[in-house]
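Structural description and commentary
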Amino acid sequence: MNMPAADSMTMVVHSGDLDKAMAAFIIGTGAAAKGTKVTMFFTFWGLNLIKKDGARKAKLSRMHMGGLGTAMIRKLMRKNNVAPLDELISDAADLGVRMIACEMTMGLMNVSKDQLIPEAKEIGGVGTYLDAAAGAHVNLFV
Amino acid sequence: MNMPAADSMTMVVHSGDLDKAMAAFIIGTGAAAKGTKVTMFFTFWGLNLIKKDGARKAKLSRMHMGGLGTAMIRKLMRKNNVAPLDELISDAADLGVRMIACEMTMGLMNVSKDQLIPEAKEIGGVGTYLDAAAGAHVNLFV
Amino acid sequence: MNMPAADSMTMVVHSGDLDKAMAAFIIGTGAAAKGTKVTMFFTFWGLNLIKKDGARKAKLSRMHMGGLGTAMIRKLMRKNNVAPLDELISDAADLGVRMIACEMTMGLMNVSKDQLIPEAKEIGGVGTYLDAAAGAHVNLFV
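Described below are features of the structure shown in this document. (Residues numbered from 1 in each chain as written. Chains lettered and ligands numbered in written order. Predicted model: local features only at pLDDT ≥ 70, side-chain atom pairs only at ≥ 80, totals over all residues. Heavy atoms only, no water.)

**A word on the environment of P84 of chain A**
So the rule is basically this: Helix numbers and strand numbers start at the N terminus; a helix is a DSSP run of H or I with at least 4 residues, a strand a run of E with at least 2.
Checked against the element boundaries, P84 of chain A lands in the loop between α3 (70–79) and α4 (85–94). In this structure the C-alpha to C-alpha distance between P84 of chain A and S61 of chain A, which are 23 residues apart in sequence, comes to 16 Å.

**Topic: the relation of the copies chain C and chain A**
Mapping between the two copies of the chain is achieved by a rotation about an axis and a shift along the axis. This is how it is decided: In this comparison the copies share one frame, found by least squares on the C-alpha atoms of residues holding pLDDT of at least 70 in both.
After a rotation of 120 degrees and a shift along the axis of 0.0 Å, chain C superposes on chain A with an RMSD of 0.0 Å. Taken together, the turn and the small shift mark the pair as related by a three-fold rotation axis.

**Side note on the interface of chain C and chain A**
To keep things clear, this is the line we draw: The contact rule is simple, with two residues in contact once any of their heavy atoms fall within 4.5 Å. Put simply, buried area is the surface a 1.4 Å probe can reach on two separate parts but cannot reach once they are joined, added for both. The term salt bridge refers to a pairing of a side-chain nitrogen on Lys or Arg with a carboxyl oxygen on Asp or Glu at a separation within 4 Å. Within 3.5 Å is the distance limit for a polar contact, defined as a pair of N or O atoms, with the added protein rule that one can donate a hydrogen and the other accept it, and that residues adjacent in sequence qualify only through two side-chain atoms. Three categories are distinguished: nonpolar for Ala, Val, Leu, Ile, Met, Phe, Trp, Tyr, Cys and Pro, charged for Asp, Glu, Lys and Arg, and polar for the others, with Gly belonging to the last.
At the interface, 26 residues of chain C touch 31 residues of chain A. The largest per-residue losses of area from chain C upon contact with chain A belong to W45, L108 and F141 of chain C, which jointly make up 31% of the total buried on that side. Our count for the chain C to chain A interface comes out at 1 salt bridge. Where D131 of chain C meets K34 of chain A, a salt bridge forms, and the shortest distance between an N and an O atom there is 2.8 Å. Between chain C and chain A we count 6 residue pairs in polar contact (both at pLDDT 80 or more) in total. Broken down by secondary-structure element, the contributors of at least two residues to the side of chain C that touches chain A are α5 (103–108), α6 (126–134) and β5 (138–141) of chain C. Element by element, the count of residues in the side of chain C that touches chain A is highest for α6 of chain C, at 7 residues. Of the residues assigned to the side of chain C that touches chain A, the class counts are 15 nonpolar, 7 polar and 4 charged.

**Here we look at the interface of chain C and chain B**
Interfaces are often sized by the accessible area lost when the parts come together. Contact with chain C, which involves 31 residues of that partner, is made by 26 residues of chain B. Of the roughly 2,400 Å² buried between chain C and chain B, counting both surfaces, carbon and sulfur atoms make up 71%. At the boundary of chain C with chain B, the tally comes to 1 salt bridge. One can count 6 residue pairs in polar contact (both at pLDDT 80 or more) joining chain C with chain B. Secondary-structure elements contributing two or more residues to the side of chain C that touches chain B are α1 (18–33), α3 (70–79) and β5 of chain C. For the side of chain C that touches chain B, the class distribution of residues is 20 nonpolar, 7 polar and 4 charged.

**Notes on the side chain of D131 of chain B**
Basically, it comes down to this: Each residue gets one of three labels from its accessible area relative to the maximum for its type: buried under 20%, exposed over 50%, partly exposed in between, using a 1.4 Å probe on protein chains only.
Relative to the assigned elements, D131 of chain B resides in helix α6 (residues 126–134). Look at D131 of chain B and you get buried, because its relative accessible area is 9%. Reaching out from D131 of chain B, the side chain makes a polar contact with the side chain of K34 of chain C at a distance of 2.8 Å.

**Regarding the side chain of K20 of chain C**
Where we set the bar: The charge count treats Lys and Arg as positive and Asp and Glu as negative. His and the chain ends do not count.
One can find K20 of chain C in helix α1. This buried residue, K20 of chain C, is left without a salt bridge; D17 of chain C holds the nearest opposite charge, at 5.4 Å. The contacts of K20 of chain C, once residues within four sequence positions are left out, are K20 of chain A, H14, K20 and F141 of chain B together with S15 and V142 of chain C.

**Overview of the packing of aromatic side chains**
Residue and element names in this part refer to chain A. Short version of the rule: Only rings of Phe, Tyr and Trp enter the pairing, Trp through its six-membered ring, and a pair is recorded when the two centres are within 6.5 Å. The plane angle decides the type: under 30 degrees is stacked, over 60 is edge-to-face, the rest tilted.
All told, the structure shown has 6 aromatic pairs over all chains when counted by the stated rule. Ring centres of F41 and Y129 lie 5.8 Å apart, and the angle between their planes is 35 degrees; on these two criteria the pair is classed as tilted. A residue pair is termed long-range when its members are at least 10 positions apart, and F41 in strand β2 (residues 37–42) and Y129 in helix α6 (residues 126–134) qualify at 88 residues. In this pair, the class of F41 matches that of Y129, namely buried.

**Points about the pattern of salt bridges**
Residues and elements named next belong to chain B. Counted under the stated rule, the structure contains 10 salt bridges over all chains. A salt bridge links R98 to E122, with the nearest nitrogen and oxygen atoms 2.6 Å apart. Of this pair, R98 sits in strand β3 (residues 98–102) while E122 sits in strand β4 (residues 122–124); the two residues are 24 residues apart in sequence, bridging distant segments of the chain. Its relative accessible area of 17% is what places R98 among the buried residues. What emerges from the salt-bridge pattern is a single network uniting D53, R56 and D86.

**Digging into the sheet that holds strand β4 (residues 122–124) of chain C**
All names here are of chain C. For clarity, the threshold we go by: Strand pairing requires that DSSP identify at least two bridges connecting the strands. Whenever a helix is involved, its axis is fitted only over the stretch in contact; in every case the axis is a line through C-alpha atoms, and angles between N-to-C directions fall within 0 to 180 degrees.
Ordered by their spatial adjacency, 5 strands build an open sheet running β4-β3-β2-β1-β5, and the pairing between neighbours is parallel. Across the chains shown, the open sheet's two edge strands, defined by having one partner strand only, are β4 and β5. Across the sheet, the axes of successive neighbouring strands diverge by a mean angle of 20 degrees, strand direction being ignored.

Right, dumping it as structure tokens:
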């Protein structure tokens with residue numbers, strides 16, 4: 001297909017599950033690699049993903065995926081050359097993906113900026129998300 | 001940022017979890033306050049949120065949020081001046097957010113109109129949702 | 001309402017839960033019936049839905065829906081003339097809904113093409129999804 005990439009995309013990352021986080025970052029890095037401006041807004045459980053070591057602690061949303069647990073799926077990912085979550089996050093930052101930590105969630109969960117990974121450069125509220133979504137072609141809630 | 005707000009937004013609210021409902025209504029009221037026309041379509045578990053007392057019964061999608069249960073998160077929300085869900089729903093109605101109860105789900109769960117909160121003024125099907133989504137800039141599935 | 005249908009719509013179907021799958025296919029077939037070009041991309045747990053017999057094995061995301069389990073909800077669906085999931089999938093195919101199996105997930109879960117239902121005619125990656133989303137008006141993550 002020769003369709004042009006979307007100019008911009010946003011994702012509300014509400015889930016902290018490993019499988020949803022993988023999907024969000026695979027979509028986000030894939031889009032950014034095509035030249036799409038990507039904004040990811042991490043809220044509620046999703047905030048855990050951008051805490052230091054959060055990517056390594058994320059678990060599957062279900063106990064099994066084809067009979068497999070979290071440790072097994074991470075092993076399978078390596079075997080299938082699927083980048084692990086922390087590498088995807090680093091790739092996303094290199095590709096210019098804008099990662100915003102939800103200010104309200106930081107307050108609720110008592111998380112300070114220095115507990116976040118350096119790739120998450122911004123802290124913002126729903127207004128910041130809505131401004132990005134208003135200018136974006138593709139908007140997902142993950 | 002000086003980007004214009006989106007003209008209109010829709011959300012399919014499929015989840016009945018407190019944290020997802022909070023996210024949906026914070027986004028919905030935030031958008032409506034900027035002048036965006038917001039339509040929320042409550043289906044499956046999401047229908048529970050617009051049943052009388054449904055907002056007070058909603059539980060977190062996970063047992064813990066940074067170690068916290070549903071009761072604790074409600075307390076933390078009050079402490080952090082985050083409006084409780086029933087207040088957000090009332091705010092949404094005041095701001096003109098259109099709340100539609102899914103007719104099919106009402107049939108499946110044997111819910112009658114008088115069991116719904118008065119803020120949910122409409123009952124509709126997937127066609128009603130699709131009409132709203134076709135005219136909207138931002139469409140989310142929560 | 002006399003609004004025109006959206007020209008095209010995409011859904012990332014990440015969940016394998018019966019209730020989310022029902023919502024995705026009711027939205028997808030409803031849109032396709034209005035003339036909207038619909039693309040569904042089945043990834044992670046969602047891939048299970050397009051495996052042979054996958055639609056019959058799908059379970060609710062919660063134990064109860066108004067006190068009801070998976071078997072009871074299927075019975076209620078029949079009673080309320082809601083098409084079962086396998087029929088919705090077949091309807092979707094008849095209406096020209098494009099169903100794409102995620103190549104990466106097939107690798108992770110060791111699923112081969114002949115394990116998929118014939119309605120899922122394509123195998124593709126995130127790039128295929130992003131091309132479809134870039135041209136679509138409504139994009140959902142389910």
